[in-house]
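If you want the building blocks of each chain, they are given just below.
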Amino acid sequence: MIQDLSYGSLDNQYRYLQPQEDDIVVCIQSNRILFRRNEDNTLAMPTVKQVEQWRGSWEYWLEEPYRYVFTLQDRRFFLWLGKAEQPEDEAYFFMTARDVREPESRDLCFGAMTAWHLYCWYRDNRICGRCGHKTVHDYKERMMLCPECGNMIFPRISPAAIIALTHGDKLMLAKSAVGNVTRYGLLAGFIEIGETAEEAVAREVLEEVGLKVKNIRYYKSQPWGIVGNLSIGYFCDLDGDDDTVTLDTNELASAEWFSRDDIPAKDDGISLTREMIRLFEEGKEPK
Ligand SMILES: [Zn+2]
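Draft legend 1. Representation of the packing of aromatic side chains within the structure. As enumerated under the stated definition, the model contains 14 aromatic pairs in all. Their ring planes at 55° and their centres at 4.8 Å tell us that Trp-121 and Tyr-122 sit as a pair that is tilted. In this structure Tyr-122 comes out as buried when scored by relative accessible area, which is 2%. Through a chain of ring-to-ring contacts, the aromatic side chains of Trp-54, Trp-58, Tyr-60, Tyr-66, Trp-80 and Tyr-92 assemble into a single cluster.

Printed below as a string of structure tokens:
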């Protein structure tokens with residue numbers, strides 16, 4: 001999966017650091033992130049030194065244009081805290097956060113996805129939602145603080161259940177009704193306030209395909225910064241023998257049973273969903 005780094009680790013403890021010229025800068029324009037492509041076709045991001053050469057009149061929100069976010073595999077990442085423009089150097093291009101999932105550049109894509117999650121949180125919490133005053137960053141930890149009313153705002157992560165519903169030798173695969181989705185995925189949904197993850201699994205399956213489940217078992221979780229989620233993967237079995245689907249057409253375009261030999265989805269080494277589908281295909285799902 002995308003967070004399984006080829007070496008090193010993600011050190012995301014907050015520190016107040018000043019950017020050095022070789023540090024990486026994550027520059028964002030609307031929902032797109034700035035990259036360039038190396039000669040071997042892998043992705044790269046600009047360094048502070050490069051950004052300083054062409055940033056010109058780029059605007060930023062706060063007193064300082066850069067904010068340290070984390071260290072990934074010994075490289076320090078900073079966010080550009082504002083709106084980036086197309087650099088004069090044409091080697092650079094913007095790519096949407098949703099498309100940042102290239103297996104050849106998986107480690108950098110994970111950095112970009114995680115920085116995007118943090119960027120969205122910083123962007124959306126410049127003002128206190130309780131009293132409307134301008135917030136400031138806390139010195140010691142990753143927290144936006146309102147100096148007027150004391151409101152403490154921590155990074156927001158939305159837990160979502162990824163659900164592999166099985167029935168003997170069959171797995172339920174679905175296509176979302178939202179957007180122009182062509183790939184099959186698993187059933188999925190956000191965990192509501194006041195419910196457990198396991199309750200969310202049972203509720204989502206009932207809502208989306210009208211079926212009851214049993215033997216709900218946890219598999220793995222995955223940070224999915226593109227949409228600010230923590231995906232939590234569960235396998236579960238159909239309760240009973242009637243596997244007739246009653247589709248919630250607001251959520252899903254289709255939901256069908258597929259046998260192990262007939263799975264129309266391949267593991268891309270990126271997402272928890274794909275790994276869980278592969279596990280079932282190979283008969284290795286947790287029992
Ligand atoms: Zn406030």
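Draft legend 2. Expanded view of the coordination of the zinc ion. Those donors, Cys-128 (SG), Cys-131 (SG), Cys-146 (SG) and Cys-149 (SG), are the protein atoms that reach the zinc ion, and they lie 2.3 to 2.4 Å from it. Of note is the zinc ion, whose four donor atoms meet at the metal with angles of 99 to 116° in an arrangement that counts as tetrahedral. On the primary sequence, the residues serving as donors to the zinc ion are separated as C-x2-C-x14-C-x2-C. With Cys-128 in the loop between α2 (106-124) and β9 (136-137) and Cys-149 in the loop between β10 (144-145) and β11 (152-153), this pair connects stretches of sequence that are 21 residues apart. Residue Cys-149 is classed as partly exposed on the basis of its relative accessible area, which comes to 31%.

Draft legend 3. Molecular detail of the nonpolar core. Val-26, Ile-33, Phe-35, Met-45, Phe-77, Leu-79 and Tyr-122 are the most contacted members of the largest nonpolar core, which totals 37 residues. Contributing elements (two or more residues each) for this core: β2 (24-26), β4 (32-37), β6 (66-72), β7 (75-80) and α2. Broken down by element, this core gets its largest block of residues, twelve residues, from α2. With 21 residues, the next largest nonpolar core counts Val-205, Leu-211, Val-213 and Leu-252 among its residues.

Draft legend 4. Local environment of the pairing of strand β16 (residues 229-238). Most of β16 sits inside the fold, with nine of its ten residues counted as buried. As paired strands, strand β12 (residues 158-167) and β16 are joined by nine bridges and run parallel to one another. When the sheet's bridge partners are listed, Thr-166 is paired in β16 with Asp-237. Sheet topology note: the strand β15 (residues 213-224)/β16 ladder contains eight bridges and is antiparallel. Bridged to Pro-223 within β16 is Leu-230. Linking two consecutive strands that pair antiparallel, namely β15 and β16, is a turn of four residues; a positive phi of about 70° is found at Gly-228 within it.

Draft legend 5. Focus on the layout of surface pockets. There is about 1200 Å³ of room inside the largest pocket. Lining the largest pocket are 34 residues, and of these Arg-98, Ser-176, Val-181, Ala-188 and Trp-224 lie nearest its centre. Where the lining of the largest pocket is concerned, the elements lending two or more residues are β12, β13 (170-176), β14 (187-190), α3 (197-209), β15, β16 and α4 (272-281). Counting residues per element, the lining of the largest pocket draws most heavily on β14, at four residues. Reported here for the second largest pocket is a volume of approximately 380 Å³. For the second largest pocket, the lining is made up of 22 residues, of which Tyr-16, Glu-63, Glu-64, Arg-67 and His-137 are closest to its centre. At the level of secondary structure, the elements contributing two or more residues to the lining of the second largest pocket comprise β6 and β9. Top element by residues in the lining of the second largest pocket is β6. It accounts for three residues. Residues that form the lining of the second largest pocket fall into these classes: 13 nonpolar, three polar and six charged.

How each quantity is defined
Residues numbered from 1 in each chain as written. Predicted model: local features only at pLDDT ≥ 70, side-chain atom pairs only at ≥ 80, totals over all residues. Heavy atoms only, no water. Phe/Tyr/Trp six-rings, centres within 6.5 Å; stacked < 30°, edge-to-face > 60°. Buried < 20%, exposed > 50% of the residue type's maximum accessible area, 1.4 Å probe, protein only. Donors = N, O, S within 2.8 Å, 3.2 Å for Na, K, Ca; no water. Tetrahedral: all angles 85-135°; square planar, octahedral: opposite > 155°, others 65-115°. Helix = DSSP H or I, 4+ residues; strand = E, 2+ residues; numbered from the N terminus. Core = buried A, V, L, I, M, F, W, Y, C linked by side-chain atoms within 4.5 Å. Pairing = 2+ DSSP bridges. 1 Å grid on protein atoms, 1.4 Å probe; cavity = no way out; pocket = protein on both sides within 12 Å on 5 of 7 lines; lining within 4 Å. Points joined across faces, edges and corners; volume = space filled by probe spheres on them. Nonpolar A, V, L, I, M, F, W, Y, C, P; charged D, E, K, R; others polar.

Read these as geometric descriptors, not functional statements.
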